[in-house]
Amino acid sequence: SNRLFGGFRKTSEKLTENLTAVVGTAKLDDATLDDVEDALILSDLGPSAAARIRAKLAEQRFGLEITPQELKEAVAEEIASILRPVAKPLEITAFPRPQVILVIGVNGSGKTTTIAKMAHLFREDDYSVMLAAGDTFRAAAIGQLATWAERIDVPLVRGAEGGDPASIVFDAVRAATDQGIDALVVDTAGRLQNKRELMDELAKIRRVLGRINPEAPHDVVLVLDATNGQNALAQIDVFKEVAGVTGLVMTKLDGTARGGVLVAAAEQYGLPIHAIGVGEKIDDLRPFDPELVARVIA
Ligand code: GDP
């Protein structure tokens, strides 16, 4: 949890700074509540979560004196109550196997790295894993996934650059089924410049999967880069539309002061949050612990 703490350090510093700027020891009146709400918005929690936290504070403590420490604790408790309902680890439950996990997100969000980290976590839980290189648009993406696969010793199904992602996914499901693999994690293209193409490509992958197993894909995990702040939220809208999204992973929570966007995403979309990325190394994907994250952010 020290590493996690480190992961949110800048977000926490910023929110603390914004909150302590608000109150010395003050009566919680409308002006102070306005300032608290502004501080939360400045910390990327978004207008909706900020209004909710403000309302809760007003309900519990309006007119009472509050110290900066008490304010922090009250905000942390409200953040936890927003995060609790969405904290949901990605569990391997599919029967028959494999569980097919489609991973989507814009290029640069940390998708490939997250896939390797997920595979590593599954393996630590004694599940067998296979990867599929469905982002055939970028040769670099295939190469990067291959490097990770080799490093963590997980089989990879790949095709040529420019190949048909749906046919690679088809081959991968067949291989995973034959080999009794528990989890098949599929990388996909992430160019948003051409929404129509992306939509068609993901739809085709889903169609092929659905023919093999009507339950597949079992999960469609959207990877979001926290450093994008509120733009990460706009990506949820787009990907919900083009692909359907069953859950989120947010990356790069280390080194950014914009980690509050995690709270905004939880409040505005209510999608399960499976895990968070707090670094570039293989073990830098953490299960999403709402209590810990709330206490670390605020
Ligand atoms: P993709 O284009 O979406 O597949 O993104 P990559 O997996 O290639 O990641 C892009 C960059 O972000 C790489 O340099 C990764 O090492 C880095 N990255 C991914 N996740 C994290 C994270 O949680 N924290 C940090 N600091 N860097 C990350």
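Keep in mind the model is a prediction, meaning the values are calculated, not measured.

> So what exactly am I meant to see when it comes to the site of the ligand here?
Residues in contact with the ligand amount to 18 residues; listed here are only the nearest, Gly108, Thr112, Thr113, Asp254 and Glu280. In this structure, Ser109 approaches the ligand through a main-chain N or O atom, which is 3.1 Å from an oxygen atom. In this structure, Gly110 approaches the ligand through a main-chain N or O atom, which is 3.0 Å from an oxygen atom. Burial of the ligand by the surrounding chains reaches 80%, relative to a free accessible area of 580 Å². Placement of the ligand is best described as lying within the second largest pocket. Residue contributions to the shell around the ligand peak at four residues, all from helix α6 (residues 111-124). By residue class, the composition of the shell around the ligand is two nonpolar, 10 polar and six charged.

> Looking at this model, I keep getting lost on the pattern of salt bridges. Mind explaining?
Between side chains of opposite charge, a pair can form as their charged atoms come close. Under the defined criterion, the tally for this structure stands at 21 salt bridges. Of the charged contacts, one joins Arg54 and Glu37 as a salt bridge, the two residues approaching to 2.9 Å between their closest N and O atoms. A residue pair is termed long-range when its members are at least 10 positions apart, and Arg54 in helix α4 (residues 46-61) and Glu37 in helix α3 (residues 30-42) qualify at 17 residues. One exposure class covers both Arg54 and Glu37, and it is buried.

> Please explain the packing of aromatic side chains as it appears in this structure.
Each pair of aromatic rings is reported with the distance of its centres and the angle of its planes. Following the criterion strictly, the structure yields zero aromatic pairs and no others. Cation over ring: Arg151 sits above Trp148, and NZ or CZ is 4.5 Å from the ring centre. Across the ring face of Phe137, the terminal group of Arg191 is positioned such that the distance to the ring centre comes to 3.8 Å.

> What should I look at first to understand helix α10 (residues 230-243) in this one?
The end-to-end C-alpha distance of α10 is 20 Å, a good match for the 20 Å that 14 residues give at a rise of 1.5 Å each. Listing the buried residues of α10 in full gives Ala232, Leu233, Gln235, Ile236, Phe239, Val242 and Ala243.

> Before we go on, may I ask you to explain the packing of α6 against helix α7 (residues 139-152) in this structure?
Describing two packed helices takes the angle between their axes plus the distance from one axis to the other. At a minimum axis distance of 9 Å, the contact between α6 and α7 shows a crossing angle of 20 degrees. Looking at the two axes, α6 sits roughly parallel to α7. Relative to α7, the crossing made by α6 is right-handed. Counted together, Thr112, Thr113, Ile115, Ala116, Ala119, His120 and Arg123 of α6 and Ala141, Gln144, Leu145, Trp148 and Ile152 of α7 form the full contact between these two elements.

> How should I be thinking about the sheet that holds strand β8 (residues 247-251) in this particular structure?
Spatially, the eight strands line up as an open sheet ordered β5-β4-β6-β3-β7-β8-β9-β10, and their pairing is mixed. The strands lining the two open edges of the sheet, one partner per strand, are β5 (156-157) and β10 (285-287). Where strand β3 (residues 99-104) meets strand β6 (residues 183-188), five bridges bridge the pair, whose relative direction is parallel. Its bridge partner lying in β6, Leu102 is registered against Val186. The sheet strands contacting helix α8 (residues 165-178) are β3, β4 (129-134), β5 and β6, and the helix crosses β4 at an angle near 165 degrees.

> Would you take a moment to explain the confidence of the model for the chain for this structure?
Keep in mind that low pLDDT regions are not for reading the predicted coordinates in detail. Residues with a pLDDT of 70 or more make up 97% of the chain, whose mean pLDDT is 92. Scoring of the predicted complex yields 0.95 for pTM and 0.99 for ipTM.

> What is the right way to read the layout of surface pockets from this model?
A water-sized probe rolled over the atoms picks out the places where empty space is left. There is about 260 Å³ of room inside the largest pocket. In terms of lining, the largest pocket is formed by 14 residues, of which the most central are Pro89, Leu90, Leu121, Phe122 and Asp125. Looking at the lining of the largest pocket, the elements with two or more residues in it are α6, β9 (273-277) and β10. In this model, the second largest pocket occupies a volume close to 170 Å³. Taken together, Gly108, Ser109, Gly110, Thr113, Thr114, Lys117, Trp148, Thr251, Lys252, Asp254, Gly279 and Glu280 form the lining of the second largest pocket. Considering each element in turn, the lining of the second largest pocket owes the most residues, three residues, to α6.

The rules behind the values
Residues numbered from 1 in each chain as written. Predicted model: local features only at pLDDT ≥ 70, side-chain atom pairs only at ≥ 80, totals over all residues. Heavy atoms only, no water. Near = heavy atom within 4 Å. Polar contact = N/O pair within 3.5 Å; in protein donor to acceptor, adjacent residues only side chain to side chain. Areas by Shrake-Rupley, 256 points an atom, 1.4 Å probe, with all protein chains shown as cover. 1 Å grid on protein atoms, 1.4 Å probe; cavity = no way out; pocket = protein on both sides within 12 Å on 5 of 7 lines; lining within 4 Å. Sits in = over half its atoms within 2 Å of the grid points. Helix = DSSP H or I, 4+ residues; strand = E, 2+ residues; numbered from the N terminus. Nonpolar A, V, L, I, M, F, W, Y, C, P; charged D, E, K, R; others polar. Salt bridge = Lys/Arg side-chain N within 4 Å of Asp/Glu carboxyl O. Buried < 20%, exposed > 50% of the residue type's maximum accessible area, 1.4 Å probe, protein only. Phe/Tyr/Trp six-rings, centres within 6.5 Å; stacked < 30°, edge-to-face > 60°. Lys NZ or Arg CZ within 6 Å of the ring centre and 35° of its normal. Expected span 1.5 Å × (residues − 1). Axes fitted to C-alpha atoms, helices over the stretch in contact; angles between N-to-C directions. Parallel < 35°, antiparallel > 145°, perpendicular 65-115°, else oblique. Left-handed = near helix turned anticlockwise from the far one by under 90°. Contact = heavy atoms within 4.5 Å. Pairing = 2+ DSSP bridges. pLDDT = per-residue confidence, 0-100. Points joined across faces, edges and corners; volume = space filled by probe spheres on them.

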